[in-house]
Amino acid sequence: MRNILFTLSLLLPSAAAAAADQPNFVLIFVDDLGYADIGPFGSQLHRTPNLDRMAAAGRKLTDFYVTANVCTPSRSSLMTGSYPRRVGLDENEQGRWVLFPGNREGLHPDEITVAEVLKEAGYKTGAVGKWHLGDQPEFLPTRQGFDSYFGIPYSNDMGHDSRRQPYVYPPLPLLRREKVIEQEPDQRLITRRYTEEALRFIEANRQGPFFLYLAHTMPHWPQYASTRFAGKSKNGKWGDAVEEIDWSTGEILDKLKELGIDEETLVIFTSDNGGAVRHGADNAPLRGGKGTTWEGGHRVCFVARQPGRVPAGTVSNALAVSTDILPTFAALAGASPPADRVIDGKDIRPLLFGAEREPTPHLAYYYYFMSHLNAVRSGRWKLHVARMGGRYPDYEPNPVSELYDLHADIGETTNVAERYPQVVERLRALAAWARADLGDGKKQGKNVRPAGLAAQAVTLTAN
Ligand code: MG
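Residues numbered from 1 in each chain as written. Predicted model: local features only at pLDDT ≥ 70, side-chain atom pairs only at ≥ 80, totals over all residues. Heavy atoms only, no water.

**Overview of the pairing of strand β5 (residues 124-129)**
Working note: regular strand, side chains alternate between the two faces of the sheet. Here β5 lies mainly inside the structure; five of its six residues are buried. Inspection of the sheet shows β5 paired to strand β9 (residues 210-215) by six bridges, in the parallel sense. Across the sheet, residue Lys124 finds its bridge partner in β9, namely Phe210. Of the pairings in the sheet, the one linking β5 to strand β6 (residues 148-151) comprises three bridges and is parallel in character. From the neighbouring strand, Ala127 faces β6, where its bridge partner is Tyr149. (Buried < 20%, exposed > 50% of the residue type's maximum accessible area, 1.4 Å probe, protein only. Helix = DSSP H or I, 4+ residues; strand = E, 2+ residues; numbered from the N terminus. Pairing = 2+ DSSP bridges.)

Written out as C-alpha cells, the structure is:
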C-alpha cells in the first residue's frame, strides 16, 4: 500500500505525499490506573520494565489531564476532542456518573470520533477492550468509526462477577464487532486476550496506516490477572493486574519492532481517570484519586514513544488534555478535526515532538464532577470553586474558594487564596466562561450538543 502511494506521490505530489507520511497510532488507555502506578512515574511497588523502557525511549507528560474522574465522561472526550458536558455525557439520564448496562444513552452518532477522522484519512481502525460510551447497537465502536471491535463494552463489575448480589445487570458480555460471543468471560484471561487481539490487528494491518485503540478492562475493580502474574506482585491483585498490563505493552512494542514499523508508529500509554486508591492505586504526590477533583482524580500518567520522532528520555511539564488526542492525530494524519462544531482539544504536536520547554496551548483546564464545575487550572494556579458533597444520589456541590499553586504545592495542601486575590479573580472569570459555554449543574451551556438517545433500550445478550 505504501509503495503504491509512494508511486502515486510522483504523480500527485501533495495529497499522496501526506498519505505516505501518515504514522500508525497505538493508543493504550488503562482503566483507573494511578499516576504513580508505573515505574516512570515513581512506582516503587510495581515492576514495569516495559513501560520503563518505553519512557526511556520516549517522553513523559507530567501535566496530562483527562476530563473526568470516572470512565464514561473521560472516554467521551478521548473520542470527540470535547469536554463531556459539550457532548452530553457528563452524567447519565438518571444523574449517575457513568452509563450502566441497558441505559438508553450513548455517544451521539453525529459526533465525529478520532476513529472516524482517521478512517476518512485512509486508516484501518480497531478497538479492543472497554468502550463505555453506550451499549445500544447504534452507539457501539463499529458505529463510531472502528472497523473492528473485541471487548467488554462497559465496566467489568457490571455483570455477574460483581460480588454485588443480587445481580441487577445481564451477564457480562464479551463482544466481537456487535455480537455477544461470550457471557461472563474468564476475567483472568482478559488482558492476555486483548493483547493477542491487538497483536493480530497490528500484524494484519502492518502495511499501515492504522489506528489501534487498546482500552484495558484492568485494573478496574474487580482485578484479575493470568496465572503468570496472579499473586506475583507486591501489591495484591491491583499490582498483579498492573504488571500484566506492563507485559502487554512490551508485547506491542516488540511486535512493532519485529515488523519494522517501530519508527512509523506513535504509541501512547495513559489512563482514563485517576487511580482508585481504595483498590490499591497510588497517585503520589497528587492528592485524592478517582471520583475526586483533586489532582489525583484528573491528572494521569502519560508516556509517548516514536523512535526518531519523540525525543528519547525527555519530559514535558506543559498542560495537555485528553481532548488533544483527536486534533493531534488528525494533524499527523494530514486530516482536519471537524470544523462545524466546537472542539476543545488543541494540536499538541510540539509537546510530543518538540523541545521539552514548549508551552501549553491551553489557557485553562476545567475540572467537572459529573455536571458540576468544581475547579479551574490556568498556568500554575488551580482554583477550586465547588466540591461535591454527600453521597450518591444526593451529590450536591458545596461552594468553596481554594487556590493552590501547583508548581510549589503539587499536593494541594495550602490554600493561598487570600494571598493572591488577583489570581483568584482571573480564575473566577475563566470559571464564569466555562459556566456560560459548557454549563454547570442545571445551567445549560450555550455551546453544547446532546447525547445520543435510543428510542427503546435493549439488552446485550447472546443470541
Ligand atoms: Mg475508569
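So, next bit.
**A few points about the coordination of the magnesium ion**
In the first shell of the magnesium ion, the protein supplies Asp31 (OD), Asp32 (OD), Cys71 (SG), Asp272 (OD) and Asn273 (OD1), at 2.1 to 2.6 Å from the metal. In the primary structure, the donors to the magnesium ion are separated according to the pattern D-D-x38-C-x200-D-N. Residue Cys71 is located in helix α4 (residues 71-80), and its partner Asn273 is located in the loop between β10 (265-271) and α8 (295-298); the two are separated by 202 residues in the primary sequence. Owing to a relative accessible area of 2%, Cys71 belongs among the buried residues under this scheme. We classify Asn273 as buried; its relative accessible area is 0%. (Donors = N, O, S within 2.8 Å, 3.2 Å for Na, K, Ca; no water.)

**Section: the pattern of salt bridges**
Tallied over the full model, the rule gives 32 salt bridges. One salt-bridge network, in which partners are shared between bridges, spans Asp63, Glu295, Arg299, Arg377, Lys382 and Glu412. (Salt bridge = Lys/Arg side-chain N within 4 Å of Asp/Glu carboxyl O.)

**Quick notes on the sheet that holds β10**
The sheet built from 10 strands is open, its strands ordered β8-β7-β6-β5-β9-β1-β10-β12-β2-β13 with mixed pairing. At either end of the open sheet lies a strand with only one pairing partner, and these are β8 (179-183) and β13 (314-316). This sheet shows a mean twist of 15° between the axes of neighbouring strands, independent of strand direction. On top of the sheet, helix α7 (residues 236-258) reaches β1 (24-30), β9, β10 and β12 (302-305); it is set at about 175° to β10, its chief contact. Packing against the sheet, helix α9 (residues 325-332) makes contact with β1, β9 and β10, and its axis sits at approximately 175° to β10. (Axes fitted to C-alpha atoms, helices over the stretch in contact; angles between N-to-C directions. Contact = heavy atoms within 4.5 Å.)

**Overview of the sheet that holds strand β11 (residues 299-300)**
Think of a sheet as strands paired side by side through backbone hydrogen bonds, with each pair either parallel or antiparallel. Spatially, the three strands line up as an open sheet ordered β11-β3-β14, and their pairing is mixed. Strand pairing shows two members of the sheet lacking a second neighbour, β11 and β14 (320-321), which therefore form its edges. By the bridge criterion, two bridges tie strand β3 (residues 64-65) to β14 in an arrangement that is parallel. The partner of Tyr65 across the bridge, within β14, is Val321.

**As for helix α11 (residues 421-437)**
Helical geometry: 3.6 residues make up each α-helical turn, so side chains three or four residues apart lie on a common side. Along its 17 residues, α11 runs 24 Å from first to last C-alpha, staying within 8% of the 24 Å computed at 1.5 Å per residue. What α11 keeps buried is the set Val423, Val424, Leu427, Leu430, Ala431, Ala434 and Asp437. Looking straight down α11, one finds that the buried residues subtend no more than 155° of arc, so they occupy a single side. The outward face of α11, more than 90 degrees from its buried face, is lined by the exposed residues Pro421, Gln422 and Glu425. Positive backbone phi, at 100°, marks Gly439, one or two positions downstream of α11. (Expected span 1.5 Å × (residues − 1). Arc of directions from axis to C-beta.)

**Describing the packing of aromatic side chains**
The full count for this structure, using the stated rule, is 22 aromatic pairs. Between Phe150 and Tyr194, the aromatic rings sit 6.3 Å apart at their centres with planes inclined by 85°, giving edge-to-face as the arrangement. Linking Phe150 in strand β6 with Tyr194 in helix α6 (residues 190-204), this pair joins segments that are 44 residues apart in sequence. The structure contains a cluster of three or more aromatic residues connected by ring pairs, namely Phe25, Phe29, Tyr123, Trp131, Phe146, Phe211, Tyr213 and Phe329. A cation over a ring is seen here: Lys60 above Phe41, with NZ or CZ 5.3 Å from the ring centre. Positioned over the ring face of Trp381 is Arg380, at 6.0 Å from the centre of the ring. (Phe/Tyr/Trp six-rings, centres within 6.5 Å; stacked < 30°, edge-to-face > 60°. Lys NZ or Arg CZ within 6 Å of the ring centre and 35° of its normal.)

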